[in-house]
Amino acid sequence: MNPQLEGIDQIAGTYPFDVARSVERIRINRFFWQLAQPAHRELFVRDEPAAWKASGLSDEEIALVRNRDWLGLIRYGVNFFALEKFARVLRLSNLDVYAQMRGESLEEFLKTRRVPEAR
Amino acid sequence: MARIIGGIGTSHVPTIGVAYDKGKQHDPAWAPLFQGYEPVARWLAEKKPDVLVFFYNDHLTSFFFDLYPTFALGASAQFEIADEGAGKRQLPRIKGHPGLAAHLADSLVNEEFDIAVFQERALDHGVNSPLSLLWPHEPDWPGALVPIAINVLQYPLPTAMRCYKLGQAVRRALSSYPEDLKVAIVGTGGLSHQIHGERTGFNNTEWDMRFLDLIERDPLELARMKHADFVRLGGAESVEVIMWLAMRGALSERITKVHGNYYLATSTAMTVALYEEA
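Just so it is clear, the model here is predicted, and its values are computed rather than measured.

Rules behind the numbers
Residues numbered from 1 in each chain as written. Chains lettered and ligands numbered in written order. Predicted model: local features only at pLDDT ≥ 70, side-chain atom pairs only at ≥ 80, totals over all residues. Heavy atoms only, no water. Helix = DSSP H or I, 4+ residues; strand = E, 2+ residues; numbered from the N terminus. Buried < 20%, exposed > 50% of the residue type's maximum accessible area, 1.4 Å probe, protein only. Rg over C-alpha atoms; globule rule 2.2 N^0.38 Å. Contact = heavy atoms within 4.5 Å. Areas by Shrake-Rupley, 256 points an atom, 1.4 Å probe, with all protein chains shown as cover. Lys, Arg positive; Asp, Glu negative; His and termini not counted. Charge placed at Lys NZ, Arg CZ, Asp CG, Glu CD. Core = buried A, V, L, I, M, F, W, Y, C linked by side-chain atoms within 4.5 Å. 1 Å grid on protein atoms, 1.4 Å probe; cavity = no way out; pocket = protein on both sides within 12 Å on 5 of 7 lines; lining within 4 Å. Points joined across faces, edges and corners; volume = space filled by probe spheres on them. Nonpolar A, V, L, I, M, F, W, Y, C, P; charged D, E, K, R; others polar. Pairing = 2+ DSSP bridges. Axes fitted to C-alpha atoms, helices over the stretch in contact; angles between N-to-C directions. Buried area = accessible area lost by both parts, 1.4 Å probe. Salt bridge = Lys/Arg side-chain N within 4 Å of Asp/Glu carboxyl O. Polar contact = N/O pair within 3.5 Å; in protein donor to acceptor, adjacent residues only side chain to side chain.

Our next topic: the overall build of chain A. Of the regular secondary structure elements, chain A holds nine helices and zero strands. Listed by position from the N terminus, the elements making up chain A come as α-α-α-α-α-α-α-α-α. By principal-axis analysis of the C-alpha atoms, chain A measures approximately 40 × 40 × 25 Å. Put simply, chain A has 119 residues, and 51% of those count as buried.

Laid out in structure tokens, this is it:
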């Protein structure tokens, strides 16, 4: 146990990303990371199932990706900043992703914010 | 010697760069953010630092988990602007300072601060988002930048105290550099925000104000905090404010805050603060 993280398991809705998780989930994290590289991005845009296959994703991982299950991907062990590349390729803003992670529409989420126009 | 002329703490939210590129400087929803940077940009234009030493984090752009360094110093003569999935921002490439970077590496490692060294890796929004508001860049940036990347993505992160001590070691290194240079220290990230899990959207302005008070007056109290404390008080991703502690460690014991701006619009408390040595 990392002493710096003592008590973090009591913070609900939070999934610390550590080396153990990183080792377990390196394949799907690499899949998203590579979307920032033009060749991988082009393959993803042209033929998404081929991109899943090229990265060797499991059926469970493919379902999470296909469903754009942002919260499910976080719980599974994807690092948020890998997901950020996915959002860029899908032309979604971070606010879209945040709303979906909270189970809200973008409009619902923005209503909870101080300056909803800052989008 | 390289002389420190001051320090800057700043958020590095990617949206700042996006709003800048879309020309939203006068949009009422964004103007309070951009106006908050103007005094810092003026200070930089007036003081003309030769180099910015920039504590930042890479967001899984130029480094991946196959090798994710705890601390890494950029030593090359230039750095490209990163493509983070939606193409590159239209900014000139960033000039490094190989002479100062090599000296920093020598000094840090000989003090047993075993920092990794990288070259020619692109710099992502961790650097380019705030930099585009701080420095003019047409046709080119007015000075050089030495990036120091800190792991705030994959636990174990360096402790807050270690980041503070890194800043102190950087200060000592600068004081032994043979050439006369004016240097400003920049620490990036924060303030409160959480952008993953069901707790996404968490903010805590009361804590942010306390953080801003402590970073100026009593940084050791912050340096003694655990990562879990930062996560609880400011949200999971706000733990990156340990990079402000690196900046703070490089400054003198007593400092004066000469400007500050805090703007919480949607998800991240976007903040900039400018400090001079007392």
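Now that the structure has been shown, the text picks up again.
Attention now moves to the overall build of chain B. A count of helices and strands for chain B gives nine helices and ten strands. Against the compact-globule benchmark of 19 Å for 278 residues, chain B has a radius of gyration of 17 Å, which places it among compact chains. Across its three principal directions, the C-alpha atoms of chain B cover 45 × 45 × 45 Å. Here chain B holds 278 residues, and 65% of them are scored as buried. For chain B, the share of sequence-separated contacts (at least 6 apart) that also reach a separation of at least 24 residues comes to 79%. Carbon and sulfur atoms make up 49% of the accessible area of chain B, which amounts to about 9900 Å² in all. The positive charge centre, built from 25 side chains, and the negative charge centre, built from 33, are 4 Å apart in chain B.

Moving on, we come to the nonpolar core. Counting residues in hydrophobic clusters, the biggest one holds 147 residues, and the most contacted among them are Phe32 of chain A together with Phe55, Ile185 and Trp244 of chain B. Broken down by element, the residue count for this core peaks at eight residues, all from helix H5 (residues 160-175) of chain B. In contact with Phe32 of chain A, not counting residues within four places along its chain, are Val65, Leu73, Val78, Ala82, Leu83, Lys85 and Phe86 of chain A.

For the rest of this paragraph, the subject is the layout of surface pockets. Estimated volume of the largest pocket: approximately 970 Å³. Looking at the largest pocket, it is lined by 43 residues, and the ones nearest its centre are Arg88 and Asn94 of chain A together with Pro14, Thr15 and Val18 of chain B. Counting residues per element, the ones that place at least two in the lining of the largest pocket are helix H7 (80-89) and helix H8 (94-101) of chain A together with helix H1 (14-21) and helix H4 (125-134) of chain B. Top contributing element to the lining of the largest pocket by residue count: H1 of chain B, with six residues. Taken together, the residues that form the lining of the largest pocket break down as 15 nonpolar, 16 polar and twelve charged. Of the voids in this model, the second largest pocket is the one considered here, and its volume is about 220 Å³. Along its surface, the second largest pocket is lined by 13 residues, and Tyr164, Gln168, Leu251, Ser252 and Glu253 of chain B are the ones closest to its centre.

Let's shift gears to the sheet that holds strand S3 (residues 71-74) of chain B. Residues and elements named next belong to chain B. Pairing is mixed in the open sheet, where eight strands are placed in the order S6-S3-S7-S2-S8-S1-S10-S9. Looking at which strands have only one partner, the edges of the open sheet turn out to be strand S6 (116-118) and strand S9 (255-264). The sheet shows a mean angle of 20° between the axes of neighbouring strands, direction not considered. In this sheet, strand S7 (residues 144-150) lies alongside strand S2 (residues 51-56) in parallel orientation, the contact comprising six bridges. Its bridge partner being in S7, Leu52 is matched across the sheet by Leu145. Sheet contacts for H4: strand S1 (2-10), S2, S7 and strand S8 (181-188); angle to S2, the most-contacted strand, approximately 130°. Where helix H9 (residues 242-250) meets the sheet, its contacts fall on S1, S2, S7, S8, S9 and strand S10 (269-277), and the angle it forms with S8 comes to roughly 150°.

Attention shifts here to the interface of chain A and chain B. Accessible area lost upon the coming together of the parts serves often as the stated size of an interface. Taken together, the contact pairs 48 residues of chain A with 45 residues of chain B. Of the roughly 4000 Å² buried where chain A meets chain B, counting both sides, 60% is carbon and sulfur surface. Of all residues in chain A, the largest losses of buried area upon contact with chain B belong to Gln4, Trp33 and Phe81 of chain A, amounting jointly to 17% of the total for that side. Two residues, Glu6 of chain A and Lys226 of chain B, come together in a salt bridge whose shortest N-O distance is 3.2 Å. Viewed at the interface, chain B and chain A are joined by 27 residue pairs in polar contact (both at pLDDT 80 or more).

What follows is about the environment of Arg171 of chain B. All names here are of chain B. Mapped onto the elements of the fold, Arg171 is located in helix H5. Through-space distance from the C-alpha of Arg171 to that of Asn128 is 24 Å; in sequence the pair is 43 residues apart. Filtering out sequence-adjacent residues up to four positions away, Arg171 remains in contact with Ile4, Ala250, Leu251, Ser252 and Glu277.

The next thing to look at is H4 of chain B. Residues and elements named next belong to chain B. For H4, a buried count of ten out of ten residues is recorded, marking the element as mostly surrounded by other parts of the structure. Among all positions of H4, only His125, Gly126, Val127, Asn128, Ser129, Pro130, Leu131, Ser132, Leu133 and Leu134 are buried. Two to three positions downstream of the cap, the backbone nitrogen of Gly126 sits 2.8 Å from a side-chain oxygen, assigning the N-cap of H4 to Asp124.

Once that is clear, we can look at the side chain of Thr268 of chain B. Looking at the element boundaries, Thr268 of chain B is found in the loop between S9 and S10. Beyond its immediate stretch of four places on either side in the chain, Thr268 of chain B contacts Val13, Gly190, Leu191, Ser192, His193, Asn203 and Tyr263 of chain B.

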